[in-house]
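Read off the chains here:
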Amino acid sequence: MYHRQSRIGAPAYRGSFTSAINLCLWTGLMGSVALFAGGTALAQQAVPLRGAVDENILQTQQNTPPRPVRRAPVVAATPTPAAGTASGIPADPYEPVSPGALPIDDAGTAAPATGTANDGSLSSGPVNNSRTLSPLPTATPGTIPLPADPATAATQRTQPVPRAQRNGRAPAALTTGSIADDTDGNARLQRESRDNLPEAAIERRTVRPDPDPFAPFGIRAGTVTLRPSISQGLRATTNADGSSSGKSAILSETRLRLRATTDWSRHSAFLDFDGVYDKTLSGQDYSAPNVGLRGGFKLDLGNRTTVTGEGGYRYRQEDASAPTAVVGASNRPGVQELDGTLGVRHEFGRFFGELKGKVDRTTYGQAQFPDGTTLSQKDRDNTFASIALRGGFEMSPAIKPFAEVEIGKLIYDETEDSNGFRRSGMRTALRGGIEADFGEKLSGELALGYLRQTIDDARLSNIDGFSVDGAIKWSPQRGTDVNLGLLTRVEGATTPNDSGSIFYEGRLGVKRQIRSNLSVNAELTASLRDNKDGSGLDKGFGAQVGATYWFNRFLGLDVSARHRITRSEVDTRQTSESSVYMGLTLQR
């Protein structure tokens, strides 16, 4: 039988399986005794553990980006036991599978990374964006201690320590140069952009220069703005009353203007007043008021239906060169004109239709003679009412051709005039034209057609002829405005066997803004009267230039000069007049 041997004794070599097991157990037991008796492990003796670390140093290490990494081949080597250590279990360093995953120390060994240390404790280090722990350098002899000041610690940490100084020797000559940056390993930490950027203050506003610093402020009342102005000046003229026998005079000219507009979000309305009064200061005795009032509105009923309306009143003196002027009168009779229009417009796809009604009322004052007698002109008072239908299509949003037909009735208050003629009758007109709307660049309409006025009295011939009407606004460039107005109207007569005439008038005005407080203007006028009594044509021409200089928003200086002439086969209709004007304007 076999002899049982002691487990703590050295087994005798017999070459059996039991002897080999006993040898392994004996070796493990002796190693455990040496481990507990010898103190710390060799790996712990090679690099002493850290003591207490200041919080400022940890914060600095976390905020400081890692130094550039120099790649080196990973060399698997067994650490050499420190001096004075006779026994212990050597700790194998961690070797990553991917080369270059950890920085290489001076001995050519990969520095320890995350995980569990040899003694079972968890290593510490800041977490980078790649979900791995960046290794913190351990305190080794020769490293520069990090001060408590974060700024100084960050500066010293980014400075590499020479190898000679880490080994306790004096550093050799300083060698400078760049260290290659390799991003194949751990990527360099980049500073993230800020998301919480400061916002501008709510009360902050951008001050833009006023495009028209001398324009009136106006008087605001709710959604209505009123802009009044008054002008006072002197006019020197060669023909005070504008007649064929007029004389020179110096006139005091007063002008009052009021304009009210609305700023409603959908609809709009306006009201204009313009009044001029001339009075002789020296020269030919003359006084003449000229007053005009006009208002209108626009209602948008849905996206395709619009209702518009206008009304006006005007008081003026009859033109001295008109065929209906009373010969030998010491005054110029007053004329009052009252008109109103109402229309509705609807769009059908690219087509549109418009129906408009119109009423005009005209009355004439008495004529006075030098002997004190008067002449009533009530037989000239009349009312004209008409209805017009317009249809067209939209070639483009800015160009719309149209055709229009108008039918009306001219009714005199008295069936027969003072000479026994019945002058009432029907009026028809056919027009074709185009509407343009290019915004501020060009807008308006122009129409050409044929006009016919019949007369109830068979002794009088009908009045017919070519008609042209339009109003166009054009701005070729900023600061320049061009206005064109064309008008055709039928004029009655008072003399026997005279049916009347067709009167054409055109105005072309140009205004140029030289500076913000200085503007110049010019206007050309032309008129033509086709008389049906056989007296031929009356032609008129006129030109005017002027300038306005504003001292501020409220006070300005106006100067102007004009010349007007009228040529006719009848001597009493020929006139000529030249004048200059200078005055001040106050506005609000």
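About the thresholds
- Residues numbered from 1 in each chain as written.
- Predicted model: local features only at pLDDT ≥ 70, side-chain atom pairs only at ≥ 80, totals over all residues.
- Heavy atoms only, no water.
- Helix = DSSP H or I, 4+ residues; strand = E, 2+ residues; numbered from the N terminus.
- Buried < 20%, exposed > 50% of the residue type's maximum accessible area, 1.4 Å probe, protein only.
- Contact = heavy atoms within 4.5 Å.
- Areas by Shrake-Rupley, 256 points an atom, 1.4 Å probe, with all protein chains shown as cover.
- Core = buried A, V, L, I, M, F, W, Y, C linked by side-chain atoms within 4.5 Å.
- Pairing = 2+ DSSP bridges.
- Salt bridge = Lys/Arg side-chain N within 4 Å of Asp/Glu carboxyl O.
- 1 Å grid on protein atoms, 1.4 Å probe; cavity = no way out; pocket = protein on both sides within 12 Å on 5 of 7 lines; lining within 4 Å.
- Points joined across faces, edges and corners; volume = space filled by probe spheres on them.
- Nonpolar A, V, L, I, M, F, W, Y, C, P; charged D, E, K, R; others polar.
- Polar contact = N/O pair within 3.5 Å; in protein donor to acceptor, adjacent residues only side chain to side chain.
- Phe/Tyr/Trp six-rings, centres within 6.5 Å; stacked < 30°, edge-to-face > 60°.
- Patch = residues over 30% accessible without salt bridge, like charges linked within 9 Å, V, L, I, M, F, W, Y side chains within 5 Å.
- pLDDT = per-residue confidence, 0-100.

Draft legend 1. The arrangement of the overall build of the chain in detail. The helix and strand inventory of the chain stands at 5 helices and 21 strands. A total of 588 residues make up the chain; the buried ones form 26% of that total. Looking at the chain alone, contacts between residues at least 24 apart form 53% of all its contacts between residues at least 6 apart. Just so you have it, the chain exposes about 37,600 Å², and 58% of that area is on carbon and sulfur atoms.

Draft legend 2. A look at unusual backbone geometry. One non-glycine residue, Asn497, lies in positive phi territory at about 60°. Along the chain, the position of Asn497 falls in the loop between β16 (480-491) and β17 (501-515). Classification of Asn497 as exposed rests on a relative accessible area of 57%.

Draft legend 3. Focus on the nonpolar core. Of all hydrophobic cores here, the largest spans 7 residues; its members are Ala429, Leu451, Ile463, Val468, Val490, Ile502 and Tyr504. For this core, the elements supplying multiple residues, two or more each, are β15 (463-474) and β17. Beyond its immediate chain neighbours, meaning those up to four positions away, Ile502 contacts Ile463, Asp464, Gly465, Thr488, Arg489, Leu528, Arg529 and Asp530.

Draft legend 4. Just the pairing of strand β4 (residues 268-283), in detail. Here strand β3 (residues 249-262) runs beside β4; their pairing, made up of 13 bridges, is antiparallel. Of the residues in β4, the one forming a bridge with Arg259 is Asp272. What sits between the antiparallel neighbours β4 and strand β5 (residues 287-300) is a turn of 3 residues.

Draft legend 5. Region of the structure containing the pattern of salt bridges. Overall, the coordinates contain 34 salt bridges when judged by the stated rule. Measuring nitrogen to oxygen at the nearest pair gives 3.0 Å for the salt bridge that ties Arg316 to Glu337. Taken together, the residues span a long stretch of sequence, with Arg316 in strand β6 (residues 305-317) and Glu337 in strand β7 (residues 334-348) at a distance of 21 residues. Of the charged contacts in the structure, one is a salt bridge between Lys532 and Asp530, with a shortest N-O distance of 3.2 Å. Exposure remark for Lys532: the relative accessible area of 28% places this residue in the partly exposed category. By relative accessible area, which is 25% here, Asp530 ends up partly exposed.

Draft legend 6. Representation of empty space enclosed by the protein. The tally for this structure, following the rule as stated, stands at 2 cavities of 30 Å³ or more. Of the voids in this model, the second largest cavity is the one considered here, and its volume is about 40 Å³. Along the walls of the second largest cavity sit Pro323, Gly492, Ala493, Asp498, Gly500, Ser501, Asn531, Lys532 and Asp533, which together make up its complete lining. Of the residues that constitute the lining of the second largest cavity, the class distribution is 2 nonpolar, 4 polar and 3 charged.

Draft legend 7. Spotlight on the environment of Gly246. Examined against the element boundaries, Gly246 turns out to sit in the loop between β2 (224-237) and β3. Through-space distance from the C-alpha of Gly246 to that of Ser576 is 8.9 Å; in sequence the pair is 330 residues apart. Here Gly246 is in contact with Thr238, Asn239, Asp241 and Gln284, once residues within four sequence places are set aside.

Draft legend 8. Region of the structure containing the side chain of Ser568. Turning to its location among the elements, Ser568 is positioned in the loop between β20 (555-567) and β21 (575-587). Polar contacts involving the side chain of Ser568 include one to the side chain of Asp538, which spans 2.5 Å. Within the local environment of Ser568, its side chain forms a polar contact with the backbone nitrogen of Val570, the two atoms lying 3.2 Å apart. Dropping the residues within four chain positions of it, Ser568 is found in contact with Leu537, Asp538, Arg573 and Gln574.

Draft legend 9. The arrangement of the pairing of β15 in detail. Bridging between strand β14 (residues 442-453) and β15 involves 12 bridges; their strand directions are antiparallel. Residue pairing across strands places Leu451 opposite Gly465, the latter belonging to β15. Across 5 bridges, β15 lies against β16 in antiparallel orientation. In the strand pairing of β16, Gly470 is matched with Leu486. Counted along the chain from β15 to the antiparallel partner β16, the turn is 5 residues long, and its residue Gly479 has a positive phi close to 95°.

Draft legend 10. Layout of the environment of Gly343. Mapping Gly343 onto the fold places it in strand β7. Residue Gly343 is classed as buried on the basis of its relative accessible area of 4%. Along the backbone, Gly343 and Thr306 are 37 residues apart, and their C-alpha atoms lie at a distance of 8.3 Å. Other than its neighbours up to four places away in sequence, Gly343 contacts Thr306, Val307, Thr308, Leu355 and Lys356.

Draft legend 11. Spatial organisation of the environment of Gly536. Residue position: Gly536 is located in the loop between β18 (518-531) and β19 (537-550). With 33 residues separating them along the chain, Gly536 and Glu569 place their C-alpha atoms 6.8 Å apart. Dropping the residues within four chain positions of it, Gly536 is found in contact with Arg529, Asp530, Asn531 and Glu569.

Draft legend 12. Structural detail: the packing of aromatic side chains. Applying the stated rule across the entire model yields 3 aromatic pairs. Residues Phe217 and Phe554 carry aromatic rings whose centres are separated by 6.3 Å and whose planes lie at 45° to one another, so their mutual orientation is tilted. Here Phe554 lies in the loop between β19 and β20 and Phe217 lies in the loop between α5 (163-166) and β1 (219-221), a separation of 337 residues in the sequence. For the ring pair Phe351 and Phe393, a centre distance of 6.3 Å and an interplane angle of 50° mean the geometry is tilted.

Draft legend 13. Local environment of the side chain of Ser560. Structurally, Ser560 is set in strand β20. Once residues lying within four places of it in the same chain are set aside, the contact partners of Ser560 are Arg235, Gln544, Val545, Gly546, Ser579, Val580 and Tyr581.

Draft legend 14. Layout of a nonpolar patch on the surface. There is a patch of nonpolar side chains on the surface, built from Val344, Leu355, Ile387, Leu389, Val405, Ile407, Met426 and Leu430 and spanning about 680 Å² of accessible area. Mapped onto the fold, Ile407 is located in strand β12 (residues 399-412). Note on Ile407: relative accessible area 44%, which makes it partly exposed.

Draft legend 15. Representation of the confidence of the model for the chain within the structure. With 67% of its residues at a pLDDT of 70 or more, the chain has an overall mean of 79. Throughout residues 68-87 the model reports pLDDT below 50, and contacts reaching past four residues in sequence, or to other chains, amount to 26 contacts.

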